[in-house]
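Examination of the molecular architecture
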Amino acid sequence: MIIRGPVSIDVETTGERRVDTADPRRARFLLAAVAPAGIVTERPPRIEPTAQVAVHNHPYDAVVLGTWDAHWDDTKVLANIAGEADTTLKGLTQRHLGRPAMTYEEAERDGLLAPYCLADAQNTWELLPVLKARLEPSTLRMYEELEKPLLPLWAKMTIEGS
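This text gives an overview of the structure that appears in the document. (Residues numbered from 1 in each chain as written. Predicted model: local features only at pLDDT ≥ 70, side-chain atom pairs only at ≥ 80, totals over all residues. Heavy atoms only, no water.)

**Some points on helix α5 (residues 113-134)**
The first and last C-alpha atoms of α5 sit 31 Å apart over 22 residues, in line with the 32 Å expected at 1.5 Å per residue. Along α5, the sharpest change in direction is near 30° and occurs at Leu127; proline Pro129 comes one to four residues later. Within the span of α5, buried status applies to Leu113, Tyr116, Cys117, Asp120, Ala121, Asn123, Thr124, Leu127, Leu128, Leu131 and Lys132. (Helix = DSSP H or I, 4+ residues; strand = E, 2+ residues; numbered from the N terminus. Expected span 1.5 Å × (residues − 1). Bend = angle between axes of the 7 residues up to and from the residue. Buried < 20%, exposed > 50% of the residue type's maximum accessible area, 1.4 Å probe, protein only.)

Put into structure tokens, the structure is as follows:
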């Protein structure tokens, strides 16, 4: 699958929870979901350098996917800049989209990892404009001109262990 964007992507990985999965260099790719297309794939998608891609926690997803050269947005960074106390995807989904979000543990227990991954990608897709709209124009400009261009560097630093 080739990603040309605009899309949001979520990845799921295998490994010992909170050990291997906390470090994207140790985690192993399991599947990815692409919204709003509604696609789940067991093969890492190839992201074109010109693609516009939103994720939640860019350094993790970019390292797991093995790519950082794209036009990334990160809803976790946006939530932090917006002053959100809870920047988790589940918390943001409940607060801003008004719906509960399944936990990884529930999805794993019930054999629903693919729908879980797709829901996370869709929630990221829907949160992106909501979070951008919460920012003052000068803060959004700072994100677009400073934070966003640094996302690929952050991923490269993560893969190097810096």
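Next comes the rest of the account.
**Details of helix α1 (residues 58-65)**
Of all the 8 residues making up α1, 8 are buried; the element is thus mostly covered by neighbouring parts of the structure. Residues of α1 that are buried: His58, Pro59, Tyr60, Asp61, Ala62, Val63, Val64 and Leu65. Of the residues flanking the end of α1, it is Gly66, one or two places downstream, whose phi is positive at about 75°.

**Concerning the nonpolar core**
One finds Ile3, Ile9, Val11, Ile47, Val53 and Trp72 to be the most contacted residues of the largest nonpolar core, which totals 31 residues. Counting only elements with at least two residues in this core, the list comes to β2 (7-14), β3 (28-35), β6 (52-55), α1, α2 (75-81), α3 (89-97), α5 and α6 (137-160). For this core, the leading source of residues is α1, giving 4 residues. In contact with Val53, not counting residues within four places along its chain, are Ile3, Val7, Ile9, Ile47, His71, Trp72 and Asp73. Counting residues in hydrophobic clusters, the runner-up holds 5 residues, among them Leu31, Ala33, Ala35 and Cys117. (Core = buried A, V, L, I, M, F, W, Y, C linked by side-chain atoms within 4.5 Å. Contact = heavy atoms within 4.5 Å.)

**A few points about the packing of α3 against α5**
Running from N to C, α3 and α5 cross one another at 60°; their axes reach a closest spacing of 10 Å. As the angle between them shows, α3 and α5 are arranged oblique. By crossing handedness, the relation of α3 to α5 is classed as left-handed. Within the contact between the two elements, α3 uses Leu89, Lys90, Leu92, Thr93, His96 and Leu97 and α5 uses Tyr116, Asp120, Asn123, Thr124, Glu126, Leu127, Val130, Leu131 and Arg134. When the residues that make up the contact of α3 with α5 are grouped by side-chain class, the tally is 7 nonpolar, 4 polar and 4 charged. (Axes fitted to C-alpha atoms, helices over the stretch in contact; angles between N-to-C directions. Parallel < 35°, antiparallel > 145°, perpendicular 65-115°, else oblique. Left-handed = near helix turned anticlockwise from the far one by under 90°. Nonpolar A, V, L, I, M, F, W, Y, C, P; charged D, E, K, R; others polar.)

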